[in-house]
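Single-letter residue listing:
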Amino acid sequence: MTFQIKQYHPDDHDSIYDICLKTGNSGKGAEHMHDDPMILGHIYAGPYINLEPESAFILHNEGHPCGYIIGAVDTQSFFNKVKSNWLMSSVDSALNSGATIWTKDVYQKFVKPDASPEHLLVVGRWITTAMLGIAIFFAQFATRFESIYDLSQTILSLFQGPSLAIIVLGMLWKRATGKTALISLISGVIFAGTLMWVNSNASVPLFQVSEPFLYVAWWSFVLSVVIVVVVSLMTPPEPESKLKGLVYRYE
Amino acid sequence: MNNVLLAATAIADTIANMFRGMGDVMRGWMLAIPMSVAKGIFIVYFLLLIYWIIKLPENEVTLALESGKTIHLRPYALFSLTTLVVIYLIL
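Quick notes on the rules
- Residues numbered from 1 in each chain as written.
- Chains lettered and ligands numbered in written order.
- Predicted model: local features only at pLDDT ≥ 70, side-chain atom pairs only at ≥ 80, totals over all residues.
- Helix = DSSP H or I, 4+ residues; strand = E, 2+ residues; numbered from the N terminus.
- Buried ≥ 20, exposed ≤ 12 C-beta atoms within 10 Å, placed from the backbone.
- Core = buried A, V, L, I, M, F, W, Y, C linked by C-beta atoms within 7 Å.
- Contact = placed C-beta atoms within 7 Å.
- Nonpolar A, V, L, I, M, F, W, Y, C, P; charged D, E, K, R; others polar.
- Axes fitted to C-alpha atoms, helices over the stretch in contact; angles between N-to-C directions.
- Parallel < 35°, antiparallel > 145°, perpendicular 65-115°, else oblique.
- Left-handed = near helix turned anticlockwise from the far one by under 90°.

Caption draft 1: Examining the overall build of chain B more closely. The helix and strand tally for chain B stands at three helices and two strands. Overall, chain B shows an N-to-C arrangement of helices and strands of α-α-β-β-α. Here chain B holds 91 residues, and 2% of them are scored as buried.

Here is the structure:
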């Protein structure tokens with residue numbers, strides 16, 4: 001065996017990712033743990049070999065890569081580079097996938113089914129810009145929360161109550177209708193948002209706990225149930241053929 | 001800007017006051033329930049679910065896969081619910 005340490009070269013990129021995967025389970029192979037074989041390398045090795053290649057070295061055994069060592073000369077500057085370059089590429093991917101969903105699954109499906117690819121590309125760009133604007137706008141509110149957990153729970157609580165009401169009644173009650181579900185969902189989310197807003201803006205908070213997301217979810221659930229029941233009874237029922245097999249014990 | 005904030009607070013207070021009285025009454029009712037009764041209701045709810053799952057017909061608790069394998073869901077559901085009951089009895 002002849003070992004040799006060499007400076008990292010872009011040709012070693014795939015070898016490093018491969019070694020990262022083969023040692024990614026506390027030194028053992030992690031191939032069985034990840035659907036995407038690149039993911040570990042992308043998270044743990046990619047930032048170093050791409051942003052600080054001068055401090056990355058690879059160990060060769062008789063010409064074959066068998067190990068690597070990576071690091072950062074200045075942690076603070078490296079962190080800034082990761083934040084501005086590496087993480088931005090992830091944000092960019094998230095924006096692209098979000099824009100694709102809205103363009104293909106919403107705009108093309110409901111607004112302009114005969115849209116040309118060029119037109120969809122332009123729409124996708126506008127949606128990306130809009131999503132970025134919305135994200136920037138909501139970032140100011142994110143800083144008001146103590147942790148990302150609080151923020152995610154609060155946002156989820158806007159949708160949890162109405163969604164649960166629709167799912168439960170849709171599964172168990174054959175009289176619930178599709179249009180009612182939509183009305184209930186929109187009303188429930190607006191109501192939950194109003195409760196949140198009132199709670200944080202009133203002189204004395206509406207709820208007597210610091211994180212009232214469960215109360216908000218509960219009351220929006222109650223309202224959504226009432227709306228589904230009342231509006232369903234006021235609208236024509238769905239045809240039997242549409243319900244059979246979907247509603248519990250309705251064969 | 002201050003006027004906007006004041007108006008927002010006034011609107012929020014108005015809406016909050018609409019709910020506050022009703023909320024206080026309901027809080028009073030809830031607080032009147034002893035903790036042991038509340039815990040009992042919670043556990044009875046899971047026991048009812050267990051009873052319901054035991055009584056479900058076999059065809060509603062089996063899942064036939066395309067490979068021909070059949071998965072029996074009842075034991076998993078019973079295990080999960082029993083675990084919940086045990087946890088809430090201990091806590």
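Caption draft 2: Up close: the nonpolar core. Counting residues in each nonpolar core, the largest one holds 23 residues, and the members touching the most others are A192(A), L195(A), V198(A), L206(A), V216(A) and V228(A). Among the elements of the structure, α5 (148-172), α6 (178-201) and α7 (213-234) of chain A together with α1 (2-32) of chain B are those that each provide at least two residues to this core. Residue contributions to this core peak at seven residues, all from α7(A). Beyond its immediate chain neighbours, meaning those up to four positions away, A192(A) contacts S157(A), L158(A), G161(A), V216(A) and S220(A).

Caption draft 3: Main features of the interface of chain A and chain B. Listed by partner, the interface residues are six residues for chain A and eight residues for chain B. When grouped by side-chain class, the residues that make up the side of chain A that touches chain B number four nonpolar, two polar and no charged.

Caption draft 4: A look at the packing of α6(A) against α7(A). All names here are of chain A. Two elements in contact, α6 and α7, have axes whose closest approach is 8 Å; the angle formed by their N-to-C orientations is 150 degrees. Classified by the angle their axes make, α6 and α7 are roughly antiparallel. By crossing handedness, the relation of α6 to α7 is classed as right-handed. Along its contact with α6, which presents T180, A181, I183, S184, S187, G188, F191, A192, L195 and M196, the element α7 presents V216, W219, S220, L223, S224, I227, V228, V231 and S232. Per-class residue counts for the contact of α6 with α7 are 12 nonpolar, seven polar and no charged.

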